[in-house]
Amino acid sequence: MLLEAGAKHIIAAEPSDAFEVLCHNIPQPEKVTCLKITGDQLPAYENLDYVFSIGVLHHIPNPAPVVEAAFKALRPGGHFLVWLYGKEGNGLYLALIRPLRVLTKRLPHFILSSLVEIMYWPLVLYIKSCHRLPLPLRGYMLSVLEKMSPEKRRLIIYDQLNPAYAKYYSRFEAEKLLSDWKFENIQIHHRHGYSWTVTGTKP
């Protein structure tokens, strides 16, 4: 997406075994530097225009070192964008998923994959029902999930069931992530009523 938007050069960080997949899937490798590092190990370049953290910080028990690394990597006037699970708007979902995760995060892959397949079809029915009823997360279901391929929907279900750690941030907590590191002009958007997009500028 960043390449399509015209980025001159990108630094992509991936600490897991998916690193090789990341490198293989890059369409313009001459414009991308891939680093097999965790977010807190991002070098203090001090010249980056943007740092993006999409769906990462809510899986890190202590995200402060990552935010600090992002701050140090940016140039003055550079921007940090974070996307996080939101607490507001997810009350019913969390009441259902948290007890389930106690079991599912311990399941082996083949059993969890089978469970995902069982859960997939009720999700399809729920999405169809959203066309007629004002159900929770209706906007997200119709504008995001319905447009995805069946494979991507299954991956999302899997991702929701197996994380070792997942935090759902309140608005205050989401803003505080950036304000604690002196980011300025902090703006926050409640995306689809279930998550937070937060941006800040390095002074």
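Residues numbered from 1 in each chain as written. Predicted model: local features only at pLDDT ≥ 70, side-chain atom pairs only at ≥ 80, totals over all residues. Heavy atoms only, no water.

**Looking at the overall build of the chain**
Thought 1: If you tally the helices and strands in the chain, you get seven helices and six strands.
Thought 2: Taken over the C-alpha trace, the chain has a radius of gyration of 18 Å; the compact-globule value for 203 residues is 17 Å, and the two agree within 12%.
Thought 3: Each of the three principal axes of the chain carries a C-alpha extent, and together these read 50 × 35 × 30 Å.
Thought 4: Expressed as a percentage of its 203 residues, the buried residues of the chain come to 33%.
Thought 5: Only carbon and sulfur atoms are counted for the fraction: they give 60% of the accessible area of the chain, which is about 12,300 Å².
Thought 6: Looking at the chain, you have 23 positive and 18 negative side-chain charges, and the mean spots of the two groups are 7 Å apart. (Helix = DSSP H or I, 4+ residues; strand = E, 2+ residues; numbered from the N terminus. Rg over C-alpha atoms; globule rule 2.2 N^0.38 Å. Buried < 20%, exposed > 50% of the residue type's maximum accessible area, 1.4 Å probe, protein only. Areas by Shrake-Rupley, 256 points an atom, 1.4 Å probe, with all protein chains shown as cover. Lys, Arg positive; Asp, Glu negative; His and termini not counted. Charge placed at Lys NZ, Arg CZ, Asp CG, Glu CD.)

**Some points on unusual backbone geometry**
Thought 1: Non-glycine residue Asn185 carries a positive phi angle of around 50°.
Thought 2: For Asn185, the position within the fold is in strand E5 (residues 184-191).
Thought 3: Here the phi dihedral of His192 falls at roughly 55°; this positive angle occurs in a residue that is not glycine.
Thought 4: In this fold, His192 is placed in the loop between E5 and strand E6 (195-201).
Thought 5: Relative accessible area serves as the criterion here: at 29%, His192 is assigned to the partly exposed category.

**Overview of the pattern of salt bridges**
Thought 1: On inspection of all chains with the given rule, the structure shows five salt bridges.
Thought 2: We note a salt bridge from Asp49 to Arg75, for which the minimum N-O separation is 2.5 Å. Note that Asp49 is positioned in strand E3 (residues 48-54) and Arg75 in strand E4 (residues 74-85), a separation of 26 residues in sequence.
Thought 3: For Lys176, the salt bridge goes to Asp180, with nearest N and O atoms at 2.8 Å.
Thought 4: Lys176 gets classed as partly exposed once you look at its relative accessible area, which sits at 36%.
Thought 5: Look at Asp180 and you get partly exposed, because its relative accessible area is 42%. (Salt bridge = Lys/Arg side-chain N within 4 Å of Asp/Glu carboxyl O.)

**With respect to the environment of Asn90**
Thought 1: Mapped onto the secondary structure, Asn90 falls in the loop between E4 and helix H3 (91-104).
Thought 2: Taking the relative accessible area as the measure of exposure, Asn90 reaches 3% and is therefore buried.
Thought 3: On a C-alpha basis, the gap between Asn90 and Tyr194 in space is 5.8 Å, while along the polypeptide they are 104 residues apart.
Thought 4: Among all residues touching Asn90, those that are not within four sequence positions of it are Leu137, Tyr168 and Tyr194. (Contact = heavy atoms within 4.5 Å.)

**Section: the nonpolar core**
Thought 1: If you look at the biggest cluster of nonpolar residues, it comprises 23 residues, and the most contacted ones within it are Leu57, Phe80, Leu84, Ala174, Leu177, Leu178 and Phe183.
Thought 2: Residue assignment for this core shows that the elements contributing at least two residues are E3, helix H2 (64-73), E4, helix H7 (171-179) and E6.
Thought 3: The element contributing the most residues to this core is H2, with six residues. (Core = buried A, V, L, I, M, F, W, Y, C linked by side-chain atoms within 4.5 Å.)

**Here's the deal with the sheet that holds E4**
Thought 1: Taken together, four strands build an open sheet; the order of strands is E3-E4-E6-E5 and the sheet is mixed. The sheet is open, and its two edges are formed by E3 and E5, each paired on a single side. Strand-to-strand twist of the sheet, defined as the mean angle between neighbouring strand axes without regard to direction, takes the value 10°. (Pairing = 2+ DSSP bridges. Axes fitted to C-alpha atoms, helices over the stretch in contact; angles between N-to-C directions.)

**Brief notes about H7**
Thought 1: Three or more residues of H7 are buried, namely Ala174, Leu177 and Leu178. Taken end-on, H7 shows its buried residues confined to a sector of 90°, consistent with a single buried face. (Arc of directions from axis to C-beta.)

**Overview of the state of the cysteines**
Thought 1: Here the structure, examined in full by the defined rule, presents zero disulfides.
Thought 2: Sulfur of Cys34: no disulfide; nearest cysteine sulfur belongs to Cys23 and is 3.8 Å away.
Thought 3: When its relative accessible area of 23% is taken as the criterion, Cys34 is described as partly exposed. (Disulfide = S-S within 2.5 Å.)

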